[in-house]
Amino acid sequence: MPEPAETVSPLLKSCPPSLPATAYIDPQWYARECDRIWRREWIYAGRMNDLPANTLRRVETAAGACLVARGAEDRVSAFLNVCPHRGAELCGAADRDFNGALITCPYHAWAYDLDGRLRSTAFATPTPDFDRAAHGLTGVAHRVWNGCLFLCLSDDPPDFSPDLGLAALDNWPMDRLVTGHAMEVELACNWKVFWENYNECLHCPGIHPALSRRVPVYRQGVMSAAETSAPGAAGPALEPGTQSWTVDGRPCGPEFPDLSAAERAAGHTFVTIYPGVFLVAHVDYLRIVSLTPLAPERTRLRAEWLFAPETLAAPGFDLGNVVDFAATVLAEDGAACEMNQRGLRTPGFRAGRLMPQEFEIRAFHDWVLARLDD
Ligand code: FES
Ligand SMILES: [Fe+2]
């Protein structure tokens, strides 16, 4: 008879090998991941609140650059960021304003509507046999969930339901939150190194002193009380007297009104959406951390801090008290990831070993390998 779920330990029953070192270095392995994973999965592409109407934006993904167009009345379109005339990029690093209806190529001014149809060839005069209908922009699947934009470059995108796990944040007022702060950093590591580090807390006591004080269970080197019988592990989720991931531990503004008692007590609610993003919701604010692979050993990390507008506008609101706490954790993790990557390049190193507490890394490897084997 199967054991009830709550009594099944998540710990691994053995110490399996990690991925081969080549998985973090080899350009061919990386190219396969770009094609089999980053081209096929839903990828977080930012908050709608940060994309004004009548704006064109380039969104870089590991499977190619996309163009997102937000027209008037909140209409959103997404395409590959390439003009069918001779292949110019439609939008560069800086956002472009447009009239909300026609996307004009900056090279020879061909114009496309928000369905991607070619509307004008400007100064060029095609011969009668030129098929305009065959020279529109290539559409990219997109979906807006509670103010978050997701793209999928596949012709046959996987289901978005059940909301990629985002329903766990139903009690947070996601669509009205605004970005109070954002930061980007480039890490000298493979994107999987970032997720592996995210998926274990064996490093927490040594790498994250302040975080391990705030979240007592992390002091045991585990992510949740379910993984350990160590004394005190089943106590409060956050250090007594604190309610959030801020420097002083106090909420940065009013707590979100619709959270359940369990959500308040948890102190943090994580939603992980491979391959590109995780969200962490607290009682007073929310953080979105997304990654974009740039090369086998280079990954861009972006973090966004989201607040209720009234929290940001409140007199005395202290942004630094919020941002500095998680920014420190991210910097500690970034340094650890780069240290890991440098070691992975050591000639003769073939593969590491996973410990029983690294069960989430094992699950992540299974997720990756299942897609590469497909
Ligand atoms: S490349 Fe875009 S109009 Fe020529
Ligand atoms: Fe960490």
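Located above this text is the structure these notes cover.
Residues numbered from 1 in each chain as written. Chains lettered and ligands numbered in written order. Predicted model: local features only at pLDDT ≥ 70, side-chain atom pairs only at ≥ 80, totals over all residues. Heavy atoms only, no water.

It is not clear to me how the sheet that holds strand β3 (residues 55–61) should be interpreted in this structure. Could you clarify?
Hydrogen bonds between backbone groups are what pair the strands of a sheet, and the pairing can be parallel or antiparallel. Ordered in space as β5-β4-β3-β6, the four strands form an open sheet in which the pairing is antiparallel. Every other strand in the sheet has two partners, leaving β5 (76–80) and β6 (96–97) as the edge strands with one partner each. Strand direction decides the pairing type here: β3 and β6, joined by two bridges, are antiparallel. By the bridge assignment, Thr 55 is partnered in β6 with Asp 97. (Pairing = 2+ DSSP bridges. Helix = DSSP H or I, 4+ residues; strand = E, 2+ residues; numbered from the N terminus.)

What's the story with the coordination of the iron ion (ligand 2) in this structure? I'm lost.
Ideal coordination angles are 109.5 degrees for a metal with four donors arranged tetrahedrally and 90 or 180 degrees for a metal with six donors arranged octahedrally. Every protein donor of the iron ion (ligand 2) is accounted for by His 203 (NE2), His 208 (NE2) and Asp 333 (OD), and the metal-donor separations fall at 2.0 to 2.1 Å. All donors of the iron ion (ligand 2) come from a single chain, and their spacing in sequence reads H-x4-H-x124-D. Classification of His 203 by relative accessible area gives buried; the value is 13%. (Donors = N, O, S within 2.8 Å, 3.2 Å for Na, K, Ca; no water. Buried < 20%, exposed > 50% of the residue type's maximum accessible area, 1.4 Å probe, protein only.)

Teacher, can you tell me more about the state of the cysteines here?
A covalent bond bridging the sulfur atoms of two cysteines is what the word disulfide describes. For the coordinates displayed, the defined rule picks out one disulfide. Shown here is the disulfide that connects Cys 201 with Cys 204, its sulfur atoms set 2.0 Å apart. Linking Cys 201 and Cys 204, the disulfide has an S-S dihedral of approximately -95° and is accordingly described as left-handed. Judged by relative accessible area, Cys 204 falls into the buried class, the value being 3%. With no disulfide of its own, Cys 337 lies closest to Cys 189 among cysteine sulfurs, the gap being 4.7 Å. (Disulfide = S-S within 2.5 Å.)

I tried to follow the nonpolar core on my own but got confused; where do I start?
Note on soluble globular proteins: their nonpolar side chains tend to be buried together. Grouped together as the largest cluster of nonpolar side chains are 65 residues, with contacts concentrated most on Leu 151, Phe 194, Trp 195 and Trp 305. Each of domain 1 (1–40 + 170–374) and domain 2 (42–157) contributes no fewer than three residues to this core. Judged by nonpolar contacts, the second largest core, of 24 residues, contains Val 271, Ala 281, Ile 288 and Leu 306. (Core = buried A, V, L, I, M, F, W, Y, C linked by side-chain atoms within 4.5 Å. Domains from an automatic or database assignment.)

Would you take a moment to explain the sheet that holds strand β13 (residues 269–273) for this structure?
In space, the five strands of this open sheet follow the order β12-β16-β15-β14-β13, with antiparallel pairing throughout. Two strands close off the open sheet at either side, each with one partner strand: β12 (178–187) and β13. Across this sheet, the average inter-strand angle for adjacent strands is 15°, counted without regard to direction. Packing of helix α7 (residues 319–344) onto the sheet brings it into contact with β12, β15 (286–295) and β16 (298–307), and relative to β16 it is tilted by some 160°. (Axes fitted to C-alpha atoms, helices over the stretch in contact; angles between N-to-C directions. Contact = heavy atoms within 4.5 Å.)

Where do I start with the packing of helix α1 (residues 27–38) against helix α8 (residues 359–373) in this structure?
A pair of packed helices can be characterised by two numbers: the angle between their axes and the separation between those axes. Running from N to C, α1 and α8 cross one another at 85°; their axes reach a closest spacing of 9 Å. Judged by the angle between their axes, α1 and α8 are roughly perpendicular. The residues of α8 that touch α1, namely those facing Trp 29, Arg 32, Glu 33, Arg 36 and Ile 37, are Trp 367, Val 368, Leu 369, Arg 371 and Leu 372. For the contact of α1 with α8, a count of residues per class yields six nonpolar, no polar and four charged. (Parallel < 35°, antiparallel > 145°, perpendicular 65-115°, else oblique. Nonpolar A, V, L, I, M, F, W, Y, C, P; charged D, E, K, R; others polar.)

I'm lost on the packing of aromatic side chains in this one. Help?
For any two aromatic rings, the description comes down to two numbers: the centre-to-centre distance and the angle of the planes. All chains considered together, the criterion is met by 20 aromatic pairs. A centroid spacing of 5.8 Å and a plane angle of 75° characterise the contact between Phe 194 and Trp 195, whose relative ring orientation is edge-to-face. Each member of the pair, Phe 194 together with Trp 195, is buried. Each residue in the set Trp 38, Trp 191, Phe 194, Trp 195, Tyr 198, Trp 245, Phe 270, Tyr 274, Phe 278, Phe 325, Phe 364 and Trp 367 is aromatic and connected to the rest through ring pairs, giving one cluster. (Phe/Tyr/Trp six-rings, centres within 6.5 Å; stacked < 30°, edge-to-face > 60°.)

Geometry only, nothing functional implied.
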